[in-house]
Amino acid sequence: MFLPLQPLLAQQFNNAQVNDIRVGKQQDATRFVIELNQEVPFNIFILNTPERLVIDIPNSKLQPRSTPVLAGTVIERYRTGLYKEGIVRIVLDLNAAVQLVRSDSLQEENRFRIVVDMAPITVKKSPVFRFASSEWAGYIANISNNANGVQQSVKKEEKRVIVIDPGHGGVDPGGVVEHIREKHIVLSFAKLLQKRLNAQGKYRAVLTRDKDTYIPLRDRFKVADSEKADLFISIHADKIHLKTIRGLTVYTLSEKASDEESAALAQQENRSDILVGSDLNQYDSVVSDILIDRAQEWVAEESWRVAKLLVRHLRTRTPISTKAHRYAGFAVLKSPNVPSVLVELGYLTNENDLKNLQSRNFKDKVTNGIIEGLDAYFQELDAGA
């Protein structure tokens, strides 16, 4: 057994490595095997709508991937990536509700296997299922304790604090077109924007993630709250069903979407937490509080003003969508304290946008436009306009 608060416990798995992942048939069941070079704690649970099986293991050397599997199994594909600090998540997308026939681990000399057998069931929803090895709770307690033990003093500063949120990450790739993943596009852009903002001398830009890891939607805007940010900007570059739609768009929060496309996009983005195994129901009360409470009107008004100024300064620099400022119920924009906007850089599904999103010249133009828009906003704010 692990000691939950043993200081160096998490380091025990620093050399853990996934050597192989295999999918096969075992009589009437589908078998999923993870082979590692050492014993590790693990956590398994099933999610419905859509049907998924999730396996969490300590941060191990594992190449992120999204892999189709053998026909005739209940697994359509599986995705891997860093879920949060210290945890690698493997998500199995299933084509049917399943029951676990077997969930076990095997130790053979220098090899350790996690074996999961699953079979389809006929009931509409599979039963709630969770299985964790005896060491998993201790591991989680340890990495949480390490994270909470690092405290940083925050002092009052004159610089405007901008929190930049690169969407998706880790096990959630976002839009994928021609092997180009949204999560990489937006992280690259966010890092450039952070660098350019910090170089101005009047801003301190903070990223919600600076590597390929997934952060739940609510935790993203909580970064803005904890940093006492002046503004939160979420960066995306989605795919959309119509390939003719292109151009940069700035979104703000609204209970009612500006159009069907915005509503669909918000629904798609809000599913990120569901797809990686988080519960989106936690946002319901937050939505009501922010959209109804008059005390939050200032946040909504300032978000709207930021969006308008960003569009004004970006319009002369880069292709803008037909409706450059739109609104919908994006969960990531629901900070009760910080004005928030979502910048859709363009669409991976449009040929011209796809080229732009990979172009340094395009990124330079957009970062310049964003900085000009922010300068104008804070100048107005300081002037009491």
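Our structure's up above, just so we're on the same page.
Remember, predicted model here, so these are calculated numbers, not experimental data. (Residues numbered from 1 in each chain as written. Predicted model: local features only at pLDDT ≥ 70, side-chain atom pairs only at ≥ 80, totals over all residues. Heavy atoms only, no water.)

Trainee: Would you mind showing me how to read the overall build of the chain here?
Mentor: Looking only at helices and strands, the chain has nine helices and 18 strands in total. The proportion of buried residues among the 385 residues of the chain is 52%. Summed over its atoms, the accessible surface of the chain is roughly 18400 Å², and 48% of this surface lies on carbon and sulfur atoms. (Helix = DSSP H or I, 4+ residues; strand = E, 2+ residues; numbered from the N terminus. Buried < 20%, exposed > 50% of the residue type's maximum accessible area, 1.4 Å probe, protein only. Areas by Shrake-Rupley, 256 points an atom, 1.4 Å probe, with all protein chains shown as cover.)

Trainee: What exactly am I supposed to notice about helix α9 (residues 360-383) here?
Mentor: Count 3.6 residues to each turn of an α-helix, and residues three or four apart come out pointing the same way. Here α9 is 24 residues long and its end C-alpha atoms lie 34 Å apart, about the 34 Å a rise of 1.5 Å per residue gives. At the N-terminal boundary of α9, the capping side chain belongs to Ser359, with an oxygen 3.2 Å from the backbone nitrogen of Asn361. (Expected span 1.5 Å × (residues − 1). Polar contact = N/O pair within 3.5 Å; in protein donor to acceptor, adjacent residues only side chain to side chain.)

Trainee: Even after reading the chapter, I still don't get the environment of Phe131, so can you show me in this structure?
Mentor: In this structure, Phe131 sits in strand β10 (residues 130-132). On the basis of relative accessibility, which here comes to 31%, the residue Phe131 falls in the partly exposed class. In this structure the C-alpha to C-alpha distance between Phe131 and Asp104, which are 27 residues apart in sequence, comes to 9.7 Å.

Trainee: How should I be thinking about the packing of aromatic side chains in this particular structure?
Mentor: Aromatic ring pairs are described here by two measures, namely the spacing of the ring centres and the angle between the planes. One pass over the structure, following the stated rule, counts seven aromatic pairs. Relative to Tyr139, the ring of Phe13 lies with its centre 5.5 Å away and its plane at 85°, an arrangement referred to as edge-to-face. In this pair, Phe13 sits in the segment before β1 (18-26) while Tyr139 sits in helix α1 (residues 136-149), placing the two residues 126 residues apart along the sequence. (Phe/Tyr/Trp six-rings, centres within 6.5 Å; stacked < 30°, edge-to-face > 60°.)

Trainee: Can you walk me through the pairing of strand β6 (residues 75-84) in this structure?
Mentor: On a regular strand, one side chain projects to one face of the sheet and the next to the other, so that they alternate. For β6, the buried fraction is high: seven of the 10 residues fall into the buried class. Here β6 pairs with strand β7 (residues 87-94) via eight bridges, running antiparallel. Residue Lys84 lies in a different strand from β7, and its bridge partner there is Ile87. Between β6 and β7, which pair antiparallel one after the other, the connecting turn spans two residues, and Gly86 there sits at a positive phi close to 95°. (Pairing = 2+ DSSP bridges.)

Trainee: So what exactly am I meant to see when it comes to the sheet that holds strand β18 (residues 340-344) here?
Mentor: As a general point, the strands of a sheet are linked pairwise by backbone hydrogen bonds and lie either parallel or antiparallel. Strand order in the open sheet formed by six strands is β14-β11-β15-β18-β16-β17, and the pairing between neighbours is mixed. Sheet topology places β14 (203-207) and β17 (320-328) at the edges, where each strand pairs with a single neighbour. Adjacent strand axes in the sheet meet at a mean angle of 20°, parallel and antiparallel pairs treated alike. Pairing between strand β16 (residues 248-253) and β18: three bridges, direction antiparallel. Counterpart to Thr249 in the pairing with β18 is Glu344. Of the strands in this sheet, β11 (160-166) and β15 (231-236) touch helix α3 (residues 217-226), which is tilted by about 170° from β11. (Axes fitted to C-alpha atoms, helices over the stretch in contact; angles between N-to-C directions. Contact = heavy atoms within 4.5 Å.)

Trainee: Is there a simple way to explain the pattern of salt bridges in this structure?
Mentor: Oppositely charged side chains can pair when the atoms bearing their charge come close. In total, this model carries 24 salt bridges according to the counting rule given. Arg113 serves as the salt-bridge partner of Glu35, at 3.4 Å between the closest nitrogen and oxygen. Pair noted here: Glu35 is in strand β2 (residues 29-36) and Arg113 is in strand β9 (residues 111-120), with a separation of 78 residues, a long-range link. Take Glu35: its relative accessible area is 10%, and that puts it in the buried class. With its nearest N and O atoms 2.5 Å apart, the salt bridge here joins Glu372 to Arg317. Taken together, the residues span a long stretch of sequence, with Glu372 in helix α9 and Arg317 in the loop between α7 (297-314) and β17 at a distance of 55 residues. Residue classification places Arg317 among the partly exposed residues on the basis of a relative accessible area of 28%. Through salt bridges that share partners, Asp20, Arg22, Glu35, Glu108, Arg111 and Arg113 make up one connected network. (Salt bridge = Lys/Arg side-chain N within 4 Å of Asp/Glu carboxyl O.)

Trainee: Looking at this model, I keep getting lost on the nonpolar core. Mind explaining?
Mentor: Nonpolar side chains in soluble globular proteins generally cluster together in the buried interior. Within the largest apolar cluster, 55 residues are counted, with the highest numbers of intra-cluster contacts made by Phe32, Leu53, Ile55, Leu92 and Met118. By residue number, the principal contributor to this core is β7, which donates five residues. Met118 has contacts with Ala29, Thr30, Phe32, Leu53, Val74, Ile75, Leu92, Leu94, Val98, Gln99 and Val101, leaving out every residue within four places of it along the chain. (Core = buried A, V, L, I, M, F, W, Y, C linked by side-chain atoms within 4.5 Å.)

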